[in-house]
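# Descriptive analysis of the structure
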Amino acid sequence: MIYNVLNGDGLANNFTFQGDIFVCREILIEGSLQSESLDEFWKLREKFVKSTFQTENYSLRVKSEFEKLSYLKPNDEVNLWFGDDAFCQVNMWFCLWLCANSGAIIYRVFPDSNSWNCSFSNLNKCLESRKLLKSNDLLLGKRLWELFSENDFEGLKNIGETKTDCFKKLNEVCDALIGKNQKPKEILIEIIKDGENDFSKIFSEFQQKAGVYGFGDTQVKNILREIMLKN
């Protein structure tokens, strides 16, 4: 069987390739991840996503998609369609943690742009240039997830120096994640310090200065709201 794990519904809406589709709808770059079991993890995430993003039907729309990865069999083919930004990478690391021991043949499909903007404009070209994740790449993906979910920033910094073709810009992503609780706020404070209140301009400038995070408009609005409440 062929499976395509997509980074969101935007890509899914235009996807026509052979194989089953799994859509990753989580925001694992944000919120608590530490739990004693996978069941506890899902409860923790559901509570966070519902309260922060007002997302309903978490179990049906989000959890169930990830659970499909537990059905993988040896020699199934899996294509991971994720960008290089921190948002996409963290979600992809979790997918690898879930399926790395399945025996499936796993490929990384890259965007067709070197910018942080996660663009899959030419799907055929993207699929043709995919890279096979070898055993060391699978172990790296699993370890990246474990370090990030445990808030082990020293370990994340060290592993970020790993050279690999399957995790582009890894050092930049790890550095961004280490500073994710403070750096985006600092950038937004700098942007609005002179009174700029047009959100489209704020968001555009934030993307230019902090594109590595891959944040969407909802996430940026939430950070702005937090800044305003503290002031």
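None of the values given here were measured: they were computed from a predicted structure.

Procedures and definitions
Residues numbered from 1 in each chain as written. Predicted model: local features only at pLDDT ≥ 70, side-chain atom pairs only at ≥ 80, totals over all residues. Heavy atoms only, no water. Helix = DSSP H or I, 4+ residues; strand = E, 2+ residues; numbered from the N terminus. Buried < 20%, exposed > 50% of the residue type's maximum accessible area, 1.4 Å probe, protein only. Lys, Arg positive; Asp, Glu negative; His and termini not counted. Salt bridge = Lys/Arg side-chain N within 4 Å of Asp/Glu carboxyl O. Polar contact = N/O pair within 3.5 Å; in protein donor to acceptor, adjacent residues only side chain to side chain. Contact = heavy atoms within 4.5 Å.

## Observations concerning the side chain of Asp-85
Along the chain, the position of Asp-85 falls in the loop between strand 3 (77-81) and helix 4 (86-99). Buried charged residue Asp-85 carries no salt bridge. Nearest counter-charge: Arg-108, at 7.7 Å. Engagement of the side chain of Asp-85 in a polar contact is seen with the backbone nitrogen of Phe-87, the distance being 3.2 Å. Setting aside its immediate chain neighbours within four residues, Asp-85 contacts Trp-116, Cys-118, Val-173, Gly-211, Val-212, Tyr-213 and Gly-214.

## Focus: the pattern of salt bridges
For the coordinates displayed, the defined rule picks out 13 salt bridges. A salt bridge links Glu-65 to Lys-68; the nearest nitrogen and oxygen atoms lie 2.8 Å apart. On the accessibility criterion, Glu-65 (10% relative accessible area) is buried. Residue classification places Lys-68 among the partly exposed residues on the basis of a relative accessible area of 26%. The salt bridge involving Glu-77 is made with Arg-130; its shortest N-O contact spans 2.9 Å. In this pair, Glu-77 sits in strand 3 while Arg-130 sits in the loop between helix 5 (123-128) and strand 5 (131-132), placing the two residues 53 residues apart along the sequence. Owing to a relative accessible area of 21%, Glu-77 belongs among the partly exposed residues under this scheme. Classification of Arg-130 as partly exposed rests on a relative accessible area of 25%. A single salt-bridge network, built from bridges that share partners, covers Asp-9, Arg-25 and Arg-61.

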